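Take a look at the letters that make up each chain.
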Amino acid sequence: VEIVLVCLQCDKSAIIEAGTACVSRLCASAHVHAALLAGHVHLLLLRQLLRDVHCMMDGGRGGGAVSHHVVRRRSLATVQALGQFVKLLTARRAADGGVRGGLGRGVVVVPDSTERELSALLTWPMLERLAVPDDFLALFAGETRTPEIVWGDVNRRELAVAIKTAFRNIHVTSPKTP
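All of these numbers come straight from a predicted model, not from anything done at the bench. (Residues numbered from 1 in each chain as written. Predicted model: local features only at pLDDT ≥ 70, side-chain atom pairs only at ≥ 80, totals over all residues. Heavy atoms only, no water.)

### Brief notes about the overall build of the protein chain
Working step 1: When helices and strands are tallied, the protein chain shows 9 helices and 4 strands.
Working step 2: Listing the helices and strands of the protein chain from first to last along the sequence gives α-α-α-α-α-β-β-α-α-α-β-β-α.
Working step 3: Relative to its full complement of 178 residues, the protein chain shows a buried share of 47%.
Working step 4: For the protein chain, the share of sequence-separated contacts (at least 6 apart) that also reach a separation of at least 24 residues comes to 61%. (Helix = DSSP H or I, 4+ residues; strand = E, 2+ residues; numbered from the N terminus. Buried < 20%, exposed > 50% of the residue type's maximum accessible area, 1.4 Å probe, protein only. Contact = heavy atoms within 4.5 Å.)

Structure (structure tokens):
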């Protein structure tokens, strides 16, 4: 798990893509999912998604050598990994009979802070849209004003600040971090 977390922090596109693919596959195991949760993988995925959306919106003017197509593919893989992580988190909570703080039938306890953090960073209506990566990415990268969701550039900037603040208080490369 530590290697996957390090891959998500790399600057090389192929390594980031491999890391996101691993997250999608590895979180099916309750114990590995718990280690990813403890390693704050959701923050790493959101940070990468913000970087990719910024790169796509910037049109490559940031001097990056990665094409728009590659960035979009990586973004979709990141959304898929985040969606899988959140889906399994909620499925395990439901398997526990909806008990708050339970994950994987007593395998590990999910800190209430993770649930609060996810719903604060991306509201539940946004999180529900993770099931369809193309739709979520369009919503995340665009400007949306509906009764259910208000999302745009201001929200992306606030999300970036919140993630940056969270990274100051945690060590994301260790799954042993509380």
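### Notes on the side chain of Thr78
Working step 1: One can find Thr78 in helix H5 (residues 68–95).
Working step 2: Not counting the four nearest positions on each side in its chain, Thr78 is found in contact with Thr20, Leu45, Gln48, Leu49 and Asp52.

### A short note on the environment of Leu44
Working step 1: As for its placement among the helices and strands, Leu44 is situated in helix H4 (residues 41–58).
Working step 2: Spatially, the C-alpha atoms of Leu44 and Leu5 are 7.7 Å apart, while their sequence positions differ by 39 residues.

### Details of the nonpolar core
Working step 1: Ranked by internal contacts, the top residues of the largest apolar core, which has 41 residues, are Val23, Val41, Leu122, Met126, Phe136, Phe140 and Leu159.
Working step 2: At the level of elements, helix H1 (2–7), helix H3 (30–38), H4, H5, helix H6 (112–121), helix H7 (124–128), helix H8 (133–141) and helix H9 (153–169) are the ones that each hand at least two residues to this core.
Working step 3: In this view, Leu159 contacts Leu50, Leu121, Leu122, Phe140 and Trp151; residues no more than four positions away in its chain are not counted. (Core = buried A, V, L, I, M, F, W, Y, C linked by side-chain atoms within 4.5 Å.)

### What to know about the packing of H4 against H9
Working step 1: At a minimum axis distance of 10 Å, the contact between H4 and H9 shows a crossing angle of 140 degrees. If you check the angle between H4 and H9, you find them oblique. In the crossing of H4 with H9, the sense of the turn from one axis to the other is left-handed. Residues Leu43, Leu44, Leu46, Arg47, Leu50, Val53 and Met57 of H4 form the contact with H9, whose participating residues are Arg156, Leu159, Ala160, Ile163, Ala166 and Phe167.
Working step 2: Tallied by class, the residues present in the contact of H4 with H9 amount to 11 nonpolar, no polar and 2 charged. (Axes fitted to C-alpha atoms, helices over the stretch in contact; angles between N-to-C directions. Parallel < 35°, antiparallel > 145°, perpendicular 65-115°, else oblique. Left-handed = near helix turned anticlockwise from the far one by under 90°. Nonpolar A, V, L, I, M, F, W, Y, C, P; charged D, E, K, R; others polar.)

### A word on H3
Working step 1: Of all 9 residues in H3, 7 are buried, a share of seventy percent or more.
Working step 2: Listed as buried for H3 are Ala30, His33, Ala34, Ala35, Leu36, Leu37 and Ala38.
Working step 3: Once H3 finishes, His40 follows within two positions and takes phi at roughly 60 degrees, a positive value.

### Thoughts on the pattern of salt bridges
Working step 1: Scanning all chains against the criterion turns up 8 salt bridges.
Working step 2: Note that Asp134 is salt-bridged to Arg72, the shortest N-O span being 3.1 Å. You can see Asp134 sitting in helix H8 and its partner Arg72 sitting in helix H5, a full 62 residues away along the chain.
Working step 3: Residue Arg72 is classed as partly exposed on the basis of its relative accessible area, which comes to 33%. (Salt bridge = Lys/Arg side-chain N within 4 Å of Asp/Glu carboxyl O.)

### Considerations on the confidence of the model for the protein chain
Working step 1: With 78% of its residues at a pLDDT of 70 or more, the protein chain has an overall mean of 80.
Working step 2: When mean pLDDT is taken per element in the protein chain, H8 scores highest with 93 and strand S1 (residues 102–103) scores lowest with 35.
Working step 3: Long-range and interchain partners of residues 99–110, a stretch whose pLDDT sits below 50, account for 33 contacts in this model, where long-range means more than four residues apart. (pLDDT = per-residue confidence, 0-100.)

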